[in-house]
Amino acid sequence: MVTIPIKTCIRTLSTTSRMDKSFAKWYRSLWQPKGNDEPPYDHIVQLGDPVLRVPANAIPEKELQSAEVQYLARHLTKVMRAYRCVGLAAPQLGLSLRAFVMEFKDELRDQYTKADYKLREMEPLPLTILLNPELKVLNYEKVIHTEACESVRGYRADVPRYREILLQGFDATGNRQELRLSGWNARIAQHEMDHLNGIVYTDIMNRKSLTCTCWQAVNAKSGRIQLSFASK
């Protein structure tokens, strides 16, 4: 595996810039040194950032095993774990590429009652990296559960998702992989796939269920609450 400096990573160009270049030239321009204020970020972008609202670009297959894509996979994993979330897509780091990571550790079981863990059909999911993923619905029955998103920080809502799906794509080494997921892990995958298609859970949520996660603290502290957008 090739090791590259931490500053050597990916930066995005504006839509206008991409229109003025061939895809090959645009793609090569991604692998340039970046400043601290250029993606992929160490923080997660918030709703309102245009990158969350455009379909992400596929990674050319010949680049799937490149050092740059390896860096992207590691960086996604690092930020996901820093924020203690269960999934993260490249657009959430400001990078419009079709890649995401997922991980649902067994230790999270302690955060739920046994009844809730069973109701949500939760089970451990090892670190999974998907490049250029495609999703196929296997069971069209929709199940509603509460979701949150680090790109809509401070809120949650009830969201309907398909019960069972099939994911196909490439892993971090550029090899093809196929995953059949159901229950909560299928929900994680659908949430991240939406990010690659410019969709946020607020687009499909039960609107009346949207809730500020700290509304009780807001009242208890007379509104003196600060919401951080940095990792925990």
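Before reading further, recall that the structure is shown in the block above.
Predicted model, so just to flag it, every value in this text is computed and none were measured.

S.K.: Looking at this model, I keep getting lost on the overall build of the protein chain. Mind explaining?
M.R.: Tallying secondary structure elements over the protein chain gives six helices and six strands in all. Helices and strands in the protein chain line up, N terminus first, as α-α-α-β-β-α-β-β-β-α-β-α. Of the contacts formed within the protein chain by residues at least 6 apart in sequence, a portion of 71% connects residues at least 24 apart. Per element, the accessible surface of the protein chain, about 12700 Å² overall, is 50% carbon and sulfur.

S.K.: Hey, could you run me through the environment of Asp171 in this one?
M.R.: Inspection of the secondary structure puts Asp171 in the loop between strand 4 (155–170) and strand 5 (176–182). Classification of Asp171 by relative accessible area gives partly exposed; the value is 22%. Sequence spacing of Asp171 and Ile129 is 42 residues, and the spatial spacing of their C-alpha atoms is 5.5 Å. Look past the residues within four positions of Asp171 in its chain and what remains in contact with it is Ile129, Leu131 and Gln177.

S.K.: Even after reading the chapter, I still don't get the layout of surface pockets, so can you show me in this structure?
M.R.: Rolled over the atoms, a probe sized like a water molecule indicates the empty space that remains. In this structure, the largest pocket encloses a volume near 870 Å³. Looking at the largest pocket, it is lined by 29 residues, and the ones nearest its centre are Cys85, Val86, Tyr112, Ala148 and Cys149. Of all the elements, helix 5 (residues 183–196) adds the most residues to the lining of the largest pocket, at five residues. Class assignment of the residues belonging to the lining of the largest pocket gives a composition of 13 nonpolar, seven polar and nine charged.

S.K.: Sorry, what's going on with the packing of aromatic side chains here?
M.R.: Between two aromatic rings, the relevant description is the distance of the centres plus the angle of the planes. For the structure on display, the rule yields one aromatic pair. Relative to Tyr162, the ring of Tyr140 has its centre 5.5 Å away and its plane inclined at 75 degrees; by these criteria the two rings are edge-to-face. Taken together, the positions of Tyr140 in strand 3 (residues 125–148) and Tyr162 in strand 4 put the pair 22 residues apart, joining distant regions of the chain. By relative accessible area, Tyr162 is classed as partly exposed at 24%.

S.K.: What exactly am I supposed to notice about the side chain of Glu150 here?
M.R.: Its location among the elements puts Glu150 in the loop between strand 3 and strand 4. Residue classification places Glu150 among the buried residues on the basis of a relative accessible area of 15%. In terms of polar contacts, Glu150 uses its side chain to reach the side chain of Arg153, at 2.9 Å.

S.K.: Help me understand helix 5, please; the structure alone is not making it clear to me.
M.R.: Helical geometry note: an α-helix holds 3.6 residues per turn, so side chains three or four residues apart project in the same direction. Along its 14 residues, helix 5 runs 21 Å from first to last C-alpha, staying within 8% of the 20 Å computed at 1.5 Å per residue. Where helix 5 ends, the next residue or the one after it, Gly198, has phi of about 75 degrees, a positive value.

S.K.: Teacher, can you tell me more about empty space enclosed by the protein here?
M.R.: All chains considered together, the criterion is met by one cavity of 30 Å³ or more. Looking at the largest cavity, its volume works out to about 60 Å³. Forming the boundary of the largest cavity are Arg120, Glu121, Val143, His145, Arg161, Tyr162, Arg163, Gly183, Trp184 and Arg187. Taken together, the residues of the lining of the largest cavity sort by class into three nonpolar, two polar and five charged.

S.K.: Would you explain the nonpolar core in this entry?
M.R.: Most often, soluble globular proteins have nonpolar side chains that are buried together. If you look at the biggest cluster of nonpolar residues, it comprises 22 residues, and the most contacted ones within it are Ile59, Leu76, Leu88, Ala99 and Leu131. Residue assignment for this core shows that the elements contributing at least two residues are helix 3 (67–82), strand 2 (99–104) and strand 3.

S.K.: Can you help me understand the pattern of salt bridges in this one?
M.R.: Should the charged atoms of two oppositely charged side chains come close, the side chains can pair. Tallied over the entire structure, the rule returns 12 salt bridges. Here Glu141 and Arg163 are joined by a salt bridge, their closest N and O atoms 3.0 Å apart. With Glu141 in strand 3 and Arg163 in strand 4, the pair connects residues that are 22 residues apart, well separated along the chain. Among the residues examined, Glu141 registers a relative accessible area of 39% and is labelled partly exposed. The exposure class of Arg163 is partly exposed, given its relative accessible area of 22%. For the salt bridge of Arg180 with Glu164, the shortest nitrogen-to-oxygen distance reads 2.6 Å. Note that Arg180 is positioned in strand 5 and Glu164 in strand 4, a separation of 16 residues in sequence. Take Arg180: its relative accessible area is 61%, and that puts it in the exposed class. Glu164 gets classed as buried once you look at its relative accessible area, which sits at 19%.

The rules behind the values
Residues numbered from 1 in each chain as written. Predicted model: local features only at pLDDT ≥ 70, side-chain atom pairs only at ≥ 80, totals over all residues. Heavy atoms only, no water. Helix = DSSP H or I, 4+ residues; strand = E, 2+ residues; numbered from the N terminus. Contact = heavy atoms within 4.5 Å. Areas by Shrake-Rupley, 256 points an atom, 1.4 Å probe, with all protein chains shown as cover. Buried < 20%, exposed > 50% of the residue type's maximum accessible area, 1.4 Å probe, protein only. 1 Å grid on protein atoms, 1.4 Å probe; cavity = no way out; pocket = protein on both sides within 12 Å on 5 of 7 lines; lining within 4 Å. Points joined across faces, edges and corners; volume = space filled by probe spheres on them. Nonpolar A, V, L, I, M, F, W, Y, C, P; charged D, E, K, R; others polar. Phe/Tyr/Trp six-rings, centres within 6.5 Å; stacked < 30°, edge-to-face > 60°. Polar contact = N/O pair within 3.5 Å; in protein donor to acceptor, adjacent residues only side chain to side chain. Expected span 1.5 Å × (residues − 1). Core = buried A, V, L, I, M, F, W, Y, C linked by side-chain atoms within 4.5 Å. Salt bridge = Lys/Arg side-chain N within 4 Å of Asp/Glu carboxyl O.

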